[in-house]
Amino acid sequence: MQKPESLRQLLFATALGGQAEKLATFIDRGRVECRRGANLTFKYYYTLNLVVQGYAGSVDALMVPILAWVAEQQPDLLDRAPNEPFVFESELLDADTADVSIELELSELVLVERTGKSEFKATHVPEPIIADAFPGVCGVSLLQGLLDDGMTIVPA
């Protein structure tokens, strides 16, 4: 599965400032969908649980990069009723820090091709590209803006 690592890298580059020790990831309730047929294409379905420990930043600085990532990597979550792409919980440790747990329902389509007598190639199919899921925010992909321009989230 490739999506969990992609989101981890984004959070290290944005909200966590490279502090890998602050983030733990878990894959819960995973399952595989596959049908008997002419090929071995299948789909992963799972819940990605991100746990940010001892987080001292604004929770907005976590949510904005995750929403930007969802818009490109799992855009169907933005259309999920009742407009709740993911859920989270937080344990307030003190006045400045909290542990934050975020759960995202993800899927990944994998195409499997035979490349030899006993060799196979598995290719993870990217999600359809949406030019800009949040057009009023920055005029380009919000995810790209966060990574390229070093955008920061300023608490109100």
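Each remark here, short or long, concerns the structure printed above.
Residues numbered from 1 in each chain as written. Predicted model: local features only at pLDDT ≥ 70, side-chain atom pairs only at ≥ 80, totals over all residues. Heavy atoms only, no water.

## Re the packing of helix H1 (residues 3-13) against helix H2 (residues 59-73)
The interhelical angle for the contact between H1 and H2, taken along N-to-C directions, is 145°, at an axis separation of 10 Å. H1 and H2 meet at a crossing whose hand is right-handed. In this structure, H1 contributes Lys-3, Ser-6, Leu-7, Leu-10 and Leu-11 to the contact, and H2 contributes Leu-62, Pro-65, Ile-66, Trp-69 and Gln-73. Within the contact of H1 with H2, the residues separate by chemical class into 7 nonpolar, 2 polar and 1 charged. (Axes fitted to C-alpha atoms, helices over the stretch in contact; angles between N-to-C directions. Helix = DSSP H or I, 4+ residues; strand = E, 2+ residues; numbered from the N terminus. Left-handed = near helix turned anticlockwise from the far one by under 90°. Contact = heavy atoms within 4.5 Å. Nonpolar A, V, L, I, M, F, W, Y, C, P; charged D, E, K, R; others polar.)

## Regarding the pattern of salt bridges
Taken as a whole, this structure holds 4 salt bridges when the rule is applied. Note that Arg-8 and Glu-5 form a salt bridge whose closest N and O atoms lie 3.3 Å from each other. With Arg-8 and Glu-5 both in helix H1 and 3 residues apart, this pair spans about one turn of that helix. The exposure class of Arg-8 is buried, given its relative accessible area of 18%. With a relative accessible area of 38%, Glu-5 lands in the partly exposed category. Notably, a salt bridge pairs Arg-29 with Glu-103, separated by 3.6 Å at the nearest N-O pair. Residue Arg-29 is located in strand E1 (residues 23-34), and its partner Glu-103 is located in strand E4 (residues 98-116); the two are separated by 74 residues in the primary sequence. The class of Arg-29 is exposed, set by a relative accessible area of 54%. Judged by relative accessible area, Glu-103 falls into the partly exposed class, the value being 27%. (Salt bridge = Lys/Arg side-chain N within 4 Å of Asp/Glu carboxyl O. Buried < 20%, exposed > 50% of the residue type's maximum accessible area, 1.4 Å probe, protein only.)

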